[in-house]
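Chain and residue survey
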Number of protein chains: 2
Amino acid sequence: MDLVKIELSEKEMPTRWYNVLSDMRVPMSPPLHPGTLQPLGPADLAPLFPMALIMQEVSQDRYIDIPEELQQIYRMWRPSPLFRAHRLEKALDTPAKIYYKYEGGSPAGSHKLNTAVAQAFYNKQEGITKLTTETGAGQWGSALALGCQFFGIELKVYMVKVSYHQKPYRRILMETWGAQVTASPSQDTNAGRQVLAQNPENPGSLGTAISEAVEDAATHDDTHYSLGSVLNHVLLHQTVIGQEAKLQMEKAGDYPDIIVGCIGGGSNFAGLLMPFIPDKVKGKNVRIVCAEPEACPSLTKGLYRYDFGDTIGLTPLLKMYTLGHTFTPPRIHAGGLRYHGMAPIICHLYDQKLIEATAVHQNATFEAAVSFARSEGIVPAPEPAHALRVAMDEALKCRESGEKKTILVGLSGHGHFDLGAYDEYLSGNLPDYSYPRELVEEALTHVPQVPEK
Amino acid sequence: MDLVKIELSEKEMPTRWYNVLSDMRVPMSPPLHPGTLQPLGPADLAPLFPMALIMQEVSQDRYIDIPEELQQIYRMWRPSPLFRAHRLEKALDTPAKIYYKYEGGSPAGSHKLNTAVAQAFYNKQEGITKLTTETGAGQWGSALALGCQFFGIELKVYMVKVSYHQKPYRRILMETWGAQVTASPSQDTNAGRQVLAQNPENPGSLGTAISEAVEDAATHDDTHYSLGSVLNHVLLHQTVIGQEAKLQMEKAGDYPDIIVGCIGGGSNFAGLLMPFIPDKVKGKNVRIVCAEPEACPSLTKGLYRYDFGDTIGLTPLLKMYTLGHTFTPPRIHAGGLRYHGMAPIICHLYDQKLIEATAVHQNATFEAAVSFARSEGIVPAPEPAHALRVAMDEALKCRESGEKKTILVGLSGHGHFDLGAYDEYLSGNLPDYSYPRELVEEALTHVPQVPEK
């Protein structure tokens, strides 16, 4: 009888985050101040983030201790299970072994809670009583709502107006956990008022919501801002995933030939893959594959340039693969993957050829998601369904070649709030979006010109 | 550092179901044929159920082995975690220790999957290729959809029409797992056509849906019928919950002074409490408390009589506490507790004073649910929120008395598909329904007259 889950006890949970910056042979390009084009210093970030997180952002230490109080909270949903997908393997009739690391068992339903509680903790430590953030479909906003609730911090979420009205369940979830949710653009900030003055019916965008959340935090002393992906410290917090997965693979007496994850801002997959980078750097034969949507293919079609993190152009400039910060991706259901840029760490690893990338279509991802749900039970969120598609394709290649490869795939969350998308797929009404080349080419003309050093 | 979860490994999962009938000093009253009023024999049930389940229904064996193939499937979500509610205890400022056994981590989101896979397995064993069932809000229908998918059995779910339209997510979930879902009343059965002929706009009821599902199964040789609660074999399958909980309490070095669970049909709570009955019978000082809704208080206000299990009056007569089979409970959000009767085993234990019962109001349960969500993270389904209310009240009594009681509560599922109810509560629009005395008194006049032996 093979084990279905490779579980760890609470005592085996990682007590440190792993910092991949310590293992980079080529240093990363620093973020730049958008005005001076000089490398950003800690003081530039202090109005928005607590110093502990800023220090993590730039740390070169190999490990950073997870505070005991935070470990105690992690224990509510960690260690997360690693499943052996026996039934999926059988359904695919493949000799490949498929393992999936499942983060959907957290109360917030995804990996986002790993960094949400950490960010709330460090802000609390520095006396911050209120946070602001933006959210699109609500995955990040709900995780941070719970994180803030755990530490008695007030949270105001600027939620893109069209999602606020179309996805009431995520809004209610945030409110159940005590957050205040405001449809963006709102009358609460200059940025919001400005947008509404131009068009009172403006449906909102992530760019506008970021502007409102940042302005709110920057103009209130007791208030900070919080981001759910892209930044180094956010990716750092997610390394509990990969550290656990490595130990679990070891317990299973196995090691992945291929690691697959979806990427939007990059935090989920970075958390899984980064702890495997030291092995890869030492020459271990493991392929690390990012799955991104054909409709928003930052790594496979973007340019490696300095660009803004937000749509409006308020943030520091980050060196990343970008489709242009003014690019608005098509409305695929994987809202978490609709981002023009990518975490600088992921981009650096990609540029160094330590990881590879592939883009997949929406219908193909839902086909994989439904196969997965019918064999393994769990209904995946649309985002990790991209990773499942790529993992299943690799397993099908093994059926052809007869190779018994070991595939590790990141299942970052459940799809309980995404069933509308499944309905569209099952009824044959789900559109595919091909790569929007013209829109991207137009957006790339707005990427700022930054002289390379 | 106290452990947050008391986990078991897959190897510690129960390999047998525990049959409480073997420990009953006073035998239960048998189900009766509605025509002859004679005790029901196995042959009477054979058109609807496989013989293996019928044998379990009447078995007096103390333990029944869980087939190896089924154990392998249970391992996908079992053993389920027992949590120590450290943060809730702190929020309540109570010296009581609160443990909760969480079944919401199963792919179907509740305990229902424990029996769904077992029923699908035994039907498959006997060559059945299709099952029918009814569902209200869709909790049971979705669990059985996944159970049937695992064994390649076709499933047709008759879903109460008003829910079919109001709760599309549960319908989509069933379809994602491959089930065919039909709004009831439908044109597919005589029962449905009859109801629609009287009123084409009939919104449906659980009673009508049962009639359709039973008729469909009874008129097709390859088709059986499946029920998600009430019957002995259904409760039996749920005993994996209580067996695990007992072992987990033992590992925690603890034993409950009070066990609390919600009851609708009774299967969730029976699964938790029954393995503790042998201790109770031997004189162990443990209180076992059922939490039912004030709007549908079968145990606290019903009569202990033979009555029909369905609204229309097609099923065998069961000796149970009933509010009358024609009683339609008010529209509380805990759809799983809107049942006029109760599992005969639960009723027998209640009649023997081995368990007690209490009824709670809807707003009080949601107040408990929100407190729980804010301290423990998990958003509970409205049904187990009834149990949380009672458990928290007991913990608050301990704050007054200073007693350090140990409370074990059953958290049978998550509330991801019930957030509309949370929205009503948070916005102050959730109605309370008091005990509908006049409706019950009227319904009790329709309970059949069965001479007591």
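Within each chain, residue numbers correspond to sequence positions counted from 1 in written order. For naming, the first written chain is A and the first written ligand is 1, with later ones following in the order written. Totals for whole chains, interfaces and linings use all residues, but because this is a predicted model, local features are given only for residues with pLDDT of at least 70 and pairs of side-chain atoms are given and counted only at 80 or more. Here the side-chain values reflect all heavy atoms present in the structure, with hydrogen atoms and water set aside.

1. What to know about the packing of aromatic side chains
Residues and elements named next belong to chain B.
- Working definition: rings of Phe, Tyr and Trp (its six-membered ring) pair if their centres are within 6.5 Å, and the pair is stacked with planes under 30 degrees apart, edge-to-face with planes over 60 apart, and tilted otherwise. For the coordinates displayed, the defined rule picks out 31 aromatic pairs over all chains.
- Judged by centre distance (5.7 Å) and plane angle (65 degrees), the rings of Phe121 and Phe151 are edge-to-face. Of the two residues, Phe121 sits in helix H5 (residues 112-125) while Phe151 sits in the loop between helix H6 (139-150) and strand S7 (154-160), which places them 30 residues apart along the sequence.
- A simple rule labels every residue: compare its accessible area, found with a 1.4 Å probe on the protein chains alone, to the largest value its type can have, and call it buried under 20%, exposed over 50%, or partly exposed in between. The class of Phe121 is buried, set by a relative accessible area of 5%.
- Judged by relative accessible area, Phe151 falls into the buried class, the value being 7%. Counting from the N terminus, the helices are DSSP H or I runs at least four residues long and the strands are E runs at least two residues long.

2. Side note on the pairing of strand S5 (residues 97-102) of chain B
Residues and elements named next belong to chain B.
- The buried fraction of S5 is high, at five of six residues.
- Criterion used throughout: strands pair if DSSP finds at least two bridges between them. Bridge analysis of strand S4 (residues 82-84) against S5 gives three bridges, and the strand direction is antiparallel. In the strand pairing of S5, Leu82 is matched with Lys101.
- Pairing of S5 with strand S15 (residues 406-411), which is carried by six bridges, proceeds in the parallel orientation. In the sheet register, Lys101 faces S15, and the bridge partner there is Gly410.

3. Some words on empty space enclosed by the protein
- Using a 1 Å grid laid over the protein atoms alone, points where a 1.4 Å probe fits but cannot get out form a cavity; open sets with protein on both sides within 12 Å along at least 5 of 7 lines form a pocket; any residue with an atom within 4 Å of a point counts as lining. Grid points are joined across faces, edges and corners, and a volume is the space filled by probe spheres set on the points. Taken as a whole and judged by the stated rule, the model has four cavities of 30 Å³ or more.
- In this model, the largest cavity occupies a volume close to 810 Å³.
- What lines the largest cavity is a set of 46 residues, and nearest its centre among them are Pro81 and Gly105 of chain A together with Pro81, Tyr102 and Gly105 of chain B.
- Broken down by secondary-structure element, the contributors of at least two residues to the lining of the largest cavity are strand S5 (97-102) of chain A together with S5 of chain B.

4. Notes on the pairing of strand S6 (residues 130-135) of chain B
Residue and element names in this part refer to chain B.
- Counting buried positions over the six residues of S6 gives six, a clear majority of the element.
- Alternating positions in S6 separate into two faces, Lys130, Thr132 and Glu134 on one and Leu131, Thr133 and Thr135 on the other, with burial throughout.
- What joins S6 to S7 is H6, and the crossover it makes is right-handed.
- Pairing of S6 with strand S9 (residues 223-225) involves three bridges; the strand directions are parallel. Among the inter-strand pairings, Thr132 is bridged to a residue of S9, identified as Tyr225. If you view a crossover with the strands going away from you and the path from the first strand over the helix to the second runs clockwise, you call it right-handed.

5. Observations concerning the sheet that holds strand S10 (residues 258-262) of chain B
Residue and element names in this part refer to chain B.
- If you trace the seven strands from one edge of the open sheet to the other, you get S1-S4-S5-S15-S10-S11-S14, paired in mixed fashion. Of all the strands in the sheet, the pair left with one neighbour each is strand S1 (5-6) and strand S14 (356-360).
- As defined by bridge partners, S10 adjoins strand S11 (residues 287-293) across five bridges and the pair is classed as parallel. If you follow Ile258 over to S11, its bridge partner there is Arg287.

6. A short note on the interface of chain A and chain B
- Each side of the interface is counted separately: chain A has 49 residues, and chain B has 49 residues.
- A simple way to read buried area is as the amount of 1.4 Å-probe accessible surface that goes missing from two parts once joined, with both sides added. Regarding the contact of chain A and chain B, the summed buried area is about 4,200 Å², with carbon and sulfur atoms giving 59% of it.
- Salt bridges are defined as contacts in which a side-chain nitrogen from Lys or Arg sits within 4 Å of a carboxyl oxygen from Asp or Glu. Between Arg171 of chain B and Asp423 of chain A there is a salt bridge, with the nearest N and O atoms lying 3.0 Å from each other.
- By the criterion applied in these results, polar contacts are pairs of N or O atoms within 3.5 Å in which, for protein atoms, one can donate a hydrogen and the other can accept it, and in which residues neighboring in sequence qualify only through two side-chain atoms. Taken together, the links from chain A to chain B amount to 21 residue pairs in polar contact (both at pLDDT 80 or more).
- Under the convention adopted here, Pro, Cys and the residues Ala, Val, Leu, Ile, Met, Phe, Trp and Tyr are nonpolar, Asp, Glu, Lys and Arg are charged, and Gly plus all remaining residues are polar. Looking at side-chain class alone, the side of chain A that touches chain B contains 24 nonpolar, eleven polar and 14 charged residues. The contact definition used throughout considers only heavy atoms, calling two residues in contact when any of these lie within 4.5 Å.

7. Thoughts on the relation of the copies chain A and chain B
- When the copies are superposed, the least-squares fit draws on C-alpha atoms of residues that have pLDDT of at least 70 in both. Mapping chain A onto chain B leaves a residual RMSD of 0.0 Å; the transformation is a rotation of 180 degrees accompanied by 0.0 Å of translation along its axis. Considering both components of the superposition, the chain copies are consistent with a two-fold axis.
- The residues that chain A uses at the interface reappear at the interface of chain B in 100% of cases, marking a shared surface.

8. Overview of the environment of Val26 of chain B
Residues and elements named next belong to chain B.
- As for its position among the elements, Val26 is in the loop between strand S2 (16-18) and helix H1 (42-45).
- Taking C-alpha positions, Val26 is 41 Å from Ser163, a pair spaced 137 residues apart along the chain.
- For Val26, the residues in contact, after removing those within four places along its chain, are His348 and Gln352.

9. A few points about the confidence of the model for chain A
- When pLDDT is averaged along chain A, the result is 95, and 100% of the positions lie at 70 or above.
- On the interface metric, ipTM, the complex scores 0.96, and its pTM is 0.97. Note: pLDDT gives the predictor's confidence per residue, expressed from 0 to 100.

10. Digging into the pattern of salt bridges
- Scanning all chains against the criterion turns up 41 salt bridges over all chains.
- One salt bridge connects Glu356 of chain B with Arg287 of chain B, and the closest N-O pair in it is separated by 3.1 Å. Linking Glu356 of chain B in strand S14 with Arg287 of chain B in strand S11, this pair joins segments that are 69 residues apart in sequence.
- One continuous salt-bridge network, built from bridges that share partners, spans Glu10, Glu68 and Arg75 of chain A together with Lys5 of chain B.

11. Description of the sheet that holds strand S14 (residues 356-360) of chain A
Residues and elements named next belong to chain A.
- Strand order in the open sheet made by the seven strands is S1-S4-S5-S15-S10-S11-S14, with mixed pairing throughout. Two strands close off the open sheet at either side, each with one partner strand: strand S1 (5-6) and S14.
- As paired elements, strand S11 (residues 287-293) and S14 share five bridges and run parallel to each other. Opposite Glu292, over in S14, you have Ala359 as the bridge partner.
- The strands that helix H12 (residues 239-251) touches are S1, strand S4 (82-84), S5 and strand S15 (406-411); relative to S5, the one it contacts most, it runs at about 145 degrees. Under this scheme, a helix contributes an axis fitted over its contacting stretch, all axes are lines through C-alpha atoms, and angles between N-to-C directions fall in the 0 to 180 degree range.

12. Here's the deal with a nonpolar patch on the surface
Residue and element names in this part refer to chain A.
- On the surface, a cluster of nonpolar side chains totalling about 240 Å² of accessible area is made up of Met51, Met55 and Val58.
- As for its placement among the helices and strands, Met51 is situated in helix H2 (residues 51-58).
- Assessed through its relative accessible area of 33%, Met51 is described here as partly exposed. Only residues whose relative accessible area exceeds 30% and that form no salt bridge enter a patch; like-charged residues are grouped when within 9 Å of one another, and nonpolar side chains (Val, Leu, Ile, Met, Phe, Trp, Tyr) when within 5 Å. Each accessible area is a Shrake-Rupley estimate made with a 1.4 Å probe; only the visible protein chains count as cover when residues are assessed.

13. As for helix H19 (residues 419-426) of chain B
- Residues of H19 of chain B that are buried include every one of Leu419, Ala421 and Tyr422 of chain B, and no others. On an axial view of H19 of chain B, the arc spanned by its buried residues comes to 150 degrees, and they lie on one face.
- Against the buried residues of H19 of chain B lie helix H8 (168-176) of chain A together with helix H17 (362-376) of chain B.
- Trailing H19 of chain B by a residue or two, Gly428 of chain B shows a phi angle of about 75 degrees, which is positive. By arc we mean the arc of the directions from the helix axis to the C-beta atoms, nothing more.

14. Overview of the packing of H5 of chain B against H6 of chain B
Residues and elements named next belong to chain B.
- H6 packs onto H5 with a crossing angle of 40 degrees between their chain directions and a minimal axis gap of 8 Å. Compared by their axis directions, H5 and H6 come out oblique. Handedness of the H5/H6 crossing: right-handed. On H6, the residues touching Lys112, Leu113, Thr115, Ala116, Val117, Gln119 and Ala120 of H5 are Gln139, Trp140, Ala143, Leu144, Leu146, Gly147, Cys148 and Phe150. Reported orientations rely on four angle classes, namely roughly parallel under 35 degrees, roughly antiparallel over 145, roughly perpendicular from 65 to 115, and oblique for the rest. If you view the pair so one helix is near and one far, a crossing is left-handed when the near helix is turned anticlockwise from the far one by less than a right angle, and right-handed when it is turned clockwise.

15. Re the nonpolar core
- Buried Ala, Val, Leu, Ile, Met, Phe, Trp, Tyr and Cys residues form a nonpolar core when they are joined through side-chain atoms within 4.5 Å. Formed by 123 residues in total, the largest nonpolar core has its most connected members in Trp17 and Leu299 of chain B.
- Sort the elements by how many residues they give to this core and helix H18 (residues 382-401) of chain A lands first, with eight residues.
- Core analysis: the next-biggest nonpolar cluster, separate from the first, contains 121 residues, Phe150 and Leu235 of chain A together with Ile407 and Val409 of chain B among them.

16. Side note on the environment of Cys347 of chain B
Residues and elements named next belong to chain B.
- Relative to the assigned elements, Cys347 resides in helix H16 (residues 344-351).
- For Cys347, a relative accessible area of 0% translates into the label buried.
- Excluding its chain neighbours within four sequence positions, the residues that come into contact with Cys347 are Leu299, Tyr304, Met320, Tyr321 and Met342.

17. Considerations on the state of the cysteines
- Cysteine sulfur pairs qualify as disulfides if the two atoms are within 2.5 Å. For the structure on display, the rule yields zero disulfides over all chains.
- Free cysteine: Cys398 of chain A, not disulfide-bonded; nearest cysteine sulfur from Cys290 of chain A at 19 Å.
- For Cys398 of chain A, a relative accessible area of 2% corresponds to the buried category.
- Cys290 of chain B takes part in no disulfide bond, and the closest cysteine sulfur, belonging to Cys347 of chain B, lies 9.2 Å away.

18. Some words on the environment of Arg437 of chain A
All names here are of chain A.
- When you line up the elements, Arg437 lands in helix H20 (residues 437-444).
- Exposure remark for Arg437: the relative accessible area of 45% places this residue in the partly exposed category.
- Arg437 sits 341 residues away from Ala96 along the chain, and the two C-alpha atoms are 36 Å apart.

19. Section: unusual backbone geometry
- Residue Pro79 of chain A is bonded to the preceding Arg78 of chain A through a cis peptide linkage, with omega at -10 degrees.
- Here Pro79 of chain A lies in the loop between helix H3 (68-74) and S4.
- Looking along the chain, the bond that leaves Ser184 of chain B and enters Pro185 of chain B is cis, with omega of 10 degrees.
- With phi around 55 degrees, Asp93 of chain A is a residue other than glycine that occupies positive phi space.

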